[in-house]
Amino acid sequence: VSITDDDDTTPPVISTVTIPNTPMKIGDVVTATITVASDTDTLTLVSGSIAGINLVSISKASDTTYTASFTIPEAGTDFAAGFDLPVSLVLKDSANNNSLAFTAGINLNADAIDANRPTISVLTRQAPTSQYTNADSLTFLVTFTEAVTGVDAADFMVNGTTATISSLTTSDNLNYLLTLTGGDL
């Protein structure tokens, strides 16, 4: 005699959601690990997001573990390391029982999300400061929206003059001094 329970009313239970404790940037694919109460059923995703980014491609790893992924989008929200990343997750079993919404944030010490490319926020002439000059060089302050590394003179283009970039220096990777010399300044 076989007995089946056609009246399954027990919803799945989500106990934890974790992501790697590492900085993430635009284009990174992040795998989330979802721990659930043991269930031989295969759960499906009703809705889910981490840091406001929708989860995709959920798959069962075991009766207690699922994985889902998300990709860090450009122009999303930046989160500092140590900040509670918001989580919203609902799973469903084959009897159409939805889990309670899992909303416990993820807080890891190195899980910063950088979803915005740095841009130049300030470009001002530093020396000489007067509008008209016969100086042999011009120095500009270039300030980025966030610290950047690997910036060199080849990253800039000079238009409207035959002057060339003679130096590019920084002390903090946020503010750069760009000096033009020669040509028809």
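Placed above this text is the structure.
Residues numbered from 1 in each chain as written. Predicted model: local features only at pLDDT ≥ 70, side-chain atom pairs only at ≥ 80, totals over all residues. Heavy atoms only, no water.

Using the criterion set out here, one finds 3 salt bridges in the structure. In this structure, the salt-bridge partner of Lys60 is Asp63, at a minimum N-O distance of 3.2 Å. For Lys60, a relative accessible area of 29% corresponds to the partly exposed category. Residue class for Asp63 comes out partly exposed when judged on its relative accessible area of 32%. (Salt bridge = Lys/Arg side-chain N within 4 Å of Asp/Glu carboxyl O. Buried < 20%, exposed > 50% of the residue type's maximum accessible area, 1.4 Å probe, protein only.)

Another point: the sheet that holds strand E10 (residues 120–127). Taken together, the 4 strands give an open sheet; going across it, the order is E10-E11-E13-E12, and neighbouring strands pair in antiparallel fashion. Each having just a single partner strand, E10 and strand E12 (164–170) make up the two edges of the open sheet. On average, each strand axis in the sheet is tilted by 25° relative to the strand beside it, whichever way the strands run. (Pairing = 2+ DSSP bridges. Helix = DSSP H or I, 4+ residues; strand = E, 2+ residues; numbered from the N terminus. Axes fitted to C-alpha atoms, helices over the stretch in contact; angles between N-to-C directions.)

Across all of its chains, the model carries 2 aromatic pairs by this definition. Relative to Phe83, the ring of Phe79 lies with its centre 5.4 Å away and its plane at 40°, an arrangement referred to as tilted. For Phe79, a relative accessible area of 12% puts it in the buried group. Under the relative-accessibility criterion, Phe83 is labelled partly exposed at 44%. (Phe/Tyr/Trp six-rings, centres within 6.5 Å; stacked < 30°, edge-to-face > 60°.)

Moving on: the side chain of Asp41. Within the secondary structure, Asp41 sits in the loop between strand E3 (29–36) and strand E4 (44–50). For the buried Asp41, which has no salt bridge, the nearest side chain bearing the opposite charge is Lys60, at an N-O separation of 6.5 Å. Within the structure, the side chain of Asp41 is placed 2.8 Å from the backbone nitrogen of Ser94, a separation counted as a polar contact. If near-sequence neighbours (up to four positions away) are discounted, Asp41 is found in contact with Lys60, Tyr66, Asp93, Ser94 and Ala95. (Lys, Arg positive; Asp, Glu negative; His and termini not counted. Polar contact = N/O pair within 3.5 Å; in protein donor to acceptor, adjacent residues only side chain to side chain. Contact = heavy atoms within 4.5 Å.)

Moving on, we get to the nonpolar core. Among the nonpolar cores identified, the biggest contains 26 residues, and Val17, Ile19, Ile34, Ile50 and Leu89 are the most heavily contacted of them. Mapped onto this core, the elements with two or more residues apiece are strand E1 (14–18), E3, strand E7 (65–71) and strand E8 (87–92). Take this core: its biggest share by element is 4 residues, from E3. Those residues in contact with Leu89 that lie beyond four places of it in its chain are Ile14, Val17, Ile34, Leu45, Ser47, Gly48, Leu55, Ser99, Leu100, Ala101 and Phe102. Grouped together as the second largest cluster of nonpolar side chains are 6 residues, Phe144, Phe156, Tyr176 and Leu178 included. (Core = buried A, V, L, I, M, F, W, Y, C linked by side-chain atoms within 4.5 Å.)

Here we take up the environment of Asp84. Counting through the fold element by element, Asp84 comes out in the loop between E7 and E8. The partly exposed category is assigned to Asp84, whose relative accessible area is 46%. In this structure, the C-alpha to C-alpha distance between Asp84 and Gly52, residues 32 residues apart in sequence, is 12 Å. Look past the residues within four positions of Asp84 in its chain and what remains in contact with it is Ile106 and Asn107. Here Asn107 takes part through its side chain, which lies 2.8 Å from a polar atom of the side chain of Asp84.

Adjacent strands of a sheet pair through backbone hydrogen bonds, lying either parallel or antiparallel. Spatially, 4 strands are ordered E1-E3-E7-E6 in an open sheet, and the strand pairing comes out antiparallel. With partners counted over all chains shown, the strands left at the sheet margins are E1 and strand E6 (56–60), one partner each. For this sheet the average axis-to-axis angle between neighbouring strands, irrespective of direction, equals 20°. Inspection of the sheet shows E3 paired to E7 by 7 bridges, in the antiparallel sense. Note on E7: the bridge partner recorded for Ile34 is Tyr66.

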